[in-house]
Amino acid sequence: MNKNDCTPSEAPVITELALNIITRQEHNISRKKISDNALKVLYRLHGAGFDAYLVGGGVRDLLLGQAPKDFDIATNATPEQIRQLFKNCRLIGRRFRLAHIMFGRDIIEVATFRGHHQEPSKNVSQQSKEGMLLRDNVYGTIDEDAERRDFTVNAMYYNIGDYSIHDYAGGIDDLEDKLIRLIGDPDTRYREDPVRMLRAIRFAIKLDFDIEEDTAEPIEELATLLQDIPPARLYEESLKMLQSGYGLETYHLMREYNLFQQLFPTIAEFFTEDYSSPTEQMLDLVLDSTDQRIEEGKRINPAFMFAAMLWYPLQEKAKLLMETRKLSFYDAIMEASNYILDDQVRTIAIPRRHTATIREIWQLQLRMPRRNGKRAFRLMELNKFRAGFDFLEMRGEIEQGDTQQLAKWWEVFQNAGRNMRQAMVADLDASEGQPKTRRRKTLRKKKPKAS
Ligand code: ATP
Ligand code: MG
């Protein structure tokens, strides 16, 4: 859904692409596999005399026999002309104007072919000092549009006019060889839009392809260019990377290419040679469990993932604050939460509604050891209790000892009937009545107010 990220090059970096046309008889894409809404849009454009193609991931995934995430359409109709054809059309985008055709919650994105920029004019195209394209509003031919696309396997066009596939950059061959290959000169293409480095990793994992040698080579060195990308865009990309069902593998490959480090600098401070720090163990656990949940069709919450990823960096920061500023554990955690989240949103703009949940999940970790009286019953009523408990269980796996015991206690408590629950709390009350329970010393220095 982000063809507005598809950016052109000022310099003619690409030698002309050779078009290969695959006729209907020679490929396996059936219209039955294309969504009704996408077909409607394609046919209406075609009926009005315009060229209309299905393009990008839609074609790529169908050729691979997979179900596309979305269907993107490219046409020679201008956004205004598209709007005249569809009542349910909205024009969006600043970097590149696109038409969204709305069918309830299903949105079909229609983009006008993008062209070369002969004379860069401020209104239609703009490039930064570093070679990054900031604006891109020149329309062009389908050939030019193909050169603007990122990878060869993403530059195949399915023509609704005769059901043929137009392959501009050797995408069919690369699909067979299972290769992610940039169109044009990799260095230039990454400088134009550094997010392409993330996309290379994402597609390699999702499709189980290799990254072609020249495409892979510059990534590690150019990775720092991601620092120039707006945090809001990086937030969207980070979710696509980590919450699309292959988060664990994607993280590992991103890390090899020095990309994860750019998006999560606070976390990267805790990286070790043998991947053994608690932070790294937690990354593996939470990303694996996210992947599993997606496979099982369960809901996933970005806040939970970020809360887990940042938990041990939070602990370290709090420890430091306790030492240097003589803060209580509770106050140190509260203050460290601000530091850690402020740092993180500088690279990835996690929306406020999620940072609020992250804080809640963290605070629950402080509250869950304190279960006596009515506390345990009240905690269970909280909205985010389940998330807090799931996270406590993960911590238990890593920390073992008291944390694991506590997670077990809560598990039993949740599954117990009323009488059993009361007995469990009474047990605690009895032991708390005795002097010197061990946990108190660390957690009861200062009594937090209910948050
Ligand atoms: P998926 O939807 O499965 O994530 P996709 O290939 O369809 O994969 P989209 O982000 O939907 O990816 O983009 C659609 C198409 O737009 C891509 O296939 C590619 O041709 C082009 N595109 C998207 N982003 C860029 C970019 N940053 N640079 C160049 N081309 C891009
Ligand atoms: Mg797509």
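Residues numbered from 1 in each chain as written. Chains lettered and ligands numbered in written order. Predicted model: local features only at pLDDT ≥ 70, side-chain atom pairs only at ≥ 80, totals over all residues. Heavy atoms only, no water.

## Description of the pattern of salt bridges
Just so we agree on the cut-off: Salt bridges are defined by distance alone: a side-chain nitrogen of Lys or Arg within 4 Å of a carboxyl oxygen of Asp or Glu. We count a stretch as a helix when DSSP gives it H or I for four or more residues in a row; a strand needs E for two or more, and each element gets its number in order from the N terminus.
Applying the stated criterion across every chain yields a total of 20 salt bridges. A salt bridge links Lys206 to Asp61; its shortest N-O distance comes to 3.5 Å. Here Lys206 is found in helix α7 (residues 195-207), whereas its partner Asp61 is found in helix α2 (residues 57-63), with 145 residues between them in sequence. Between Arg199 and Asp150 there is a salt bridge, with its nearest N and O atoms 2.6 Å apart.

## A closer look at the side chain of His100
Where we set the bar: Any residue under 20% of the maximum accessible area for its type is buried, any over 50% is exposed, and the rest in between are partly exposed; the area is computed with a 1.4 Å probe on protein chains only. Polar contact is the term for a pair of N or O atoms within 3.5 Å; when the atoms are in protein, one must be able to donate a hydrogen and the other to accept it, and sequence-neighboring residues count only if both atoms are side-chain atoms.
Note on placement: His100 falls in strand β5 (residues 98-103). Residue His100 is classed as buried on the basis of its relative accessible area, which comes to 10%. In terms of polar contacts, His100 uses its side chain to reach the side chain of Glu109, at 3.1 Å.

## Remarks on helix α11 (residues 247-256)
This is how it is decided: Note on contacts: a residue pair is in contact if any heavy atoms of the two residues lie within 4.5 Å.
Within α11, the full set of buried residues consists of Gly247, Thr250, Tyr251, Leu253, Met254 and Arg255. Where α11 is buried, its residues meet α7, α10 (231-242), α12 (260-263) and α14 (278-295). Backbone geometry just downstream of α11 places Asn258 in the positive-phi region, at approximately 65°.

## Regarding helix α15 (residues 302-325)
Defined as follows: Here a helix's expected span is defined as the number of its residues, less one, multiplied by 1.5 Å.
Between the first and last C-alpha of α15 there are 32 Å, a value that for 24 residues agrees with the 34 Å anticipated at 1.5 Å per step. Structurally, the start of α15 carries an N-cap: the backbone nitrogen of Ala303 is 2.9 Å from a side-chain oxygen of Asn301. Phi for Lys326, located one or two positions after α15, is positive at around 55°.

## Regarding the packing of helix α17 (residues 352-367) against helix α19 (residues 385-399)
Applicable threshold: Only the contacting stretch of a helix is used when fitting its axis, a line to C-alpha atoms as for every element, and angles between N-to-C directions run 0 to 180 degrees. Angular relationships are summarised with four words: roughly parallel below 35 degrees, roughly antiparallel beyond 145, roughly perpendicular across 65 to 115, and oblique for the angles in between. The crossing is said to be left-handed when, going from far helix to near helix, the turn is anticlockwise and less than a right angle, and right-handed when the turn is clockwise. Put simply, Ala, Val, Leu, Ile, Met, Phe, Trp, Tyr, Cys and Pro go in the nonpolar bin, Asp, Glu, Lys and Arg in the charged bin, and everything else, Gly too, in the polar bin.
As a packed pair, α17 and α19 sit with axes 9 Å apart at the nearest point and diverge in direction by 65°. With respect to α19, the axis of α17 lies roughly perpendicular. The interaxial crossing formed by α17 with α19 has right-handed handedness. The segment α17 lies against α19, with Ile361, Leu364 and Gln365 engaging Phe385, Ala387, Gly388, Phe391, Leu392 and Arg395. For the contact of α17 with α19, a count of residues per class yields 6 nonpolar, 2 polar and 1 charged.

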